[in-house]
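Listed here are the chains, written in short residue letters.
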Amino acid sequence: MSTLKNKVQLIGHVGNDPEIKSFDGGKKLAKLSIATNESYKNDKGEKVEETQWHSLVAWGKTADIIEKYVVKGKEIAIEGKLTHKSYEDKNGEKRYVTEVVIDELLMLGK
């Protein structure tokens, strides 16, 4: 098991148009979210659907591709790593953020 690492794979639909930020030197950051759906039958035999939202970030060339081709509703597959951050908001309360940093992106569908 020594080859296991922090790796996330998701397939879902983009929930909003990506937010793109450009930095000095031309480097870009893309922020977006995707929804993954899961369905199962509960104890009563009723079909239940659950949607999970995932925050994603991408840098560099991947951010360039996202800026050009990814829009709200587009189905994508991503592979990346899970990251956790904490910060203090304007009220001094500690907040936590979990994001997937995209390493690879595949656009699906039409």
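Because the structure is a prediction, the values reported are computed rather than measured.

Caption draft 1: Structural detail: helix 1 (residues 60-69). Along helix 1, the residues that are buried comprise T62, A63 and I66. All buried residues of helix 1 lie within an arc of 100° about the axis, which places them on one face of the element. Along helix 1, exposed side chains directed more than 90 degrees from the buried face belong to K61, K68 and Y69. At its buried positions, helix 1 is contacted by strand 2 (19-22), strand 3 (28-41), strand 4 (47-59) and strand 6 (94-107).

Caption draft 2: Local environment of the environment of G60. The residue G60 is located in helix 1 in this model. Sequence separation between G60 and V14 is 46 residues; the distance between their C-alpha atoms is 19 Å.

Criteria and thresholds
- Residues numbered from 1 in each chain as written.
- Predicted model: local features only at pLDDT ≥ 70, side-chain atom pairs only at ≥ 80, totals over all residues.
- Heavy atoms only, no water.
- Buried < 20%, exposed > 50% of the residue type's maximum accessible area, 1.4 Å probe, protein only.
- Helix = DSSP H or I, 4+ residues; strand = E, 2+ residues; numbered from the N terminus.
- Arc of directions from axis to C-beta.
- Contact = heavy atoms within 4.5 Å.

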